Amino acid sequence: MHDYSDLDSRYAAVTARTDGACGCGPDSPGGCGSRKAHARTASSCTYRPGAGRPEPLVVVPIDPDTPLAVAAGLGPDDLIALCRACYTTRTNAAAARAAARHAERLAAAQTSIFDFDAA
Ligand SMILES: [Zn+2]
Ligand SMILES: [Zn+2]
């Protein structure tokens, strides 16, 4: 068994899976989900850090809603390497979903507090 509390070996294991490139693609869960962003490459992101591309990849949980405390203990199978652009797009999409869920809960709570049918 590997000890993935070592962040460097975890990063290496995850990025090796995609040969050092961004792991975002149409068939990869945890990607940015933006086909528009990768329209020129048939919906797969091809970002690979290197010459002229100084931004390193970020290794994050496949499930964007994973709490930080849980994420710290995940192995490579539950992680994905994303470029900065895909990560930002994914984060914004997850935040929008969370806001929509919150609005739904709020509406449901208000419906039960103000039960107009009972009047
Ligand atoms: Zn990407
Ligand atoms: Zn992407």
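These numbers come from a predicted model, not from an experiment. (Residues numbered from 1 in each chain as written. Chains lettered and ligands numbered in written order. Predicted model: local features only at pLDDT ≥ 70, side-chain atom pairs only at ≥ 80, totals over all residues.)

## Things to note about the overall build of the protein chain
What counts, and what does not: Strands here mean DSSP runs of E at least two residues long; helices mean DSSP runs of H or I at least four residues long; both are numbered from the N terminus. Here a residue counts as buried when 20 or more other C-beta atoms fall within 10 Å of its C-beta, as exposed when 12 or fewer do, and as partly exposed in between; the C-beta atoms come from the backbone. Whether two residues are in contact is decided by their C-beta atoms, placed from the backbone, lying within 7 Å.
Secondary structure summary: the protein chain contains three helices and two strands in total. For the protein chain, the sequential pattern of α-helices and β-strands runs α-β-α-β-α. When burial is assessed residue by residue, the protein chain has 19% of its 119 residues classed as buried. Pairs at least 24 apart in sequence give 64% of the contacts found in the protein chain among residues at least 6 apart.

## A closer look at the confidence of the model for the protein chain
Interpretation of the predicted coordinates at a detailed level should be avoided for regions scoring low in pLDDT. Test applied: What pLDDT expresses is the predictor's confidence in each residue, scored from 0 to 100.
On average, residues of the protein chain carry a pLDDT of 86, and 87% of them reach 70 or more. When pLDDT is averaged over each helix and strand of the protein chain, the minimum, 89, is found for helix 1 (residues 7-17) and the maximum, 96, for strand 2 (residues 79-82).

## With respect to the environment of Thr15
Topologically, Thr15 is positioned in helix 1. On the basis of neighbour count, Thr15 is assigned to the buried category, with 22 C-beta atoms found within 10 Å. Note: C-alpha distance between Thr15 and Ala81 (66 residues apart in sequence) is 5.8 Å. Beyond its immediate stretch of four places on either side in the chain, Thr15 contacts Gly20, Leu57 and Ala81.

## Looking at the nonpolar core
Here is the rule: As used throughout, a nonpolar core is a set of buried Ala, Val, Leu, Ile, Met, Phe, Trp, Tyr and Cys residues joined through C-beta atoms within 7 Å of each other.
Counting 16 residues, the largest nonpolar core has Cys22, Ala81, Leu82, Cys83 and Cys86 as its most contacted members. Put simply, the parts of the chain that give this core at least two residues each are strand 1 (58-61), strand 2 and helix 3 (84-113). Per element, the largest residue contribution to this core is four residues, and it comes from strand 2. Not counting residues up to four positions away in its chain, the partners in contact with Ala81 are Val14, Thr15, Thr18, Cys22, Gly23, Leu57 and Val59.

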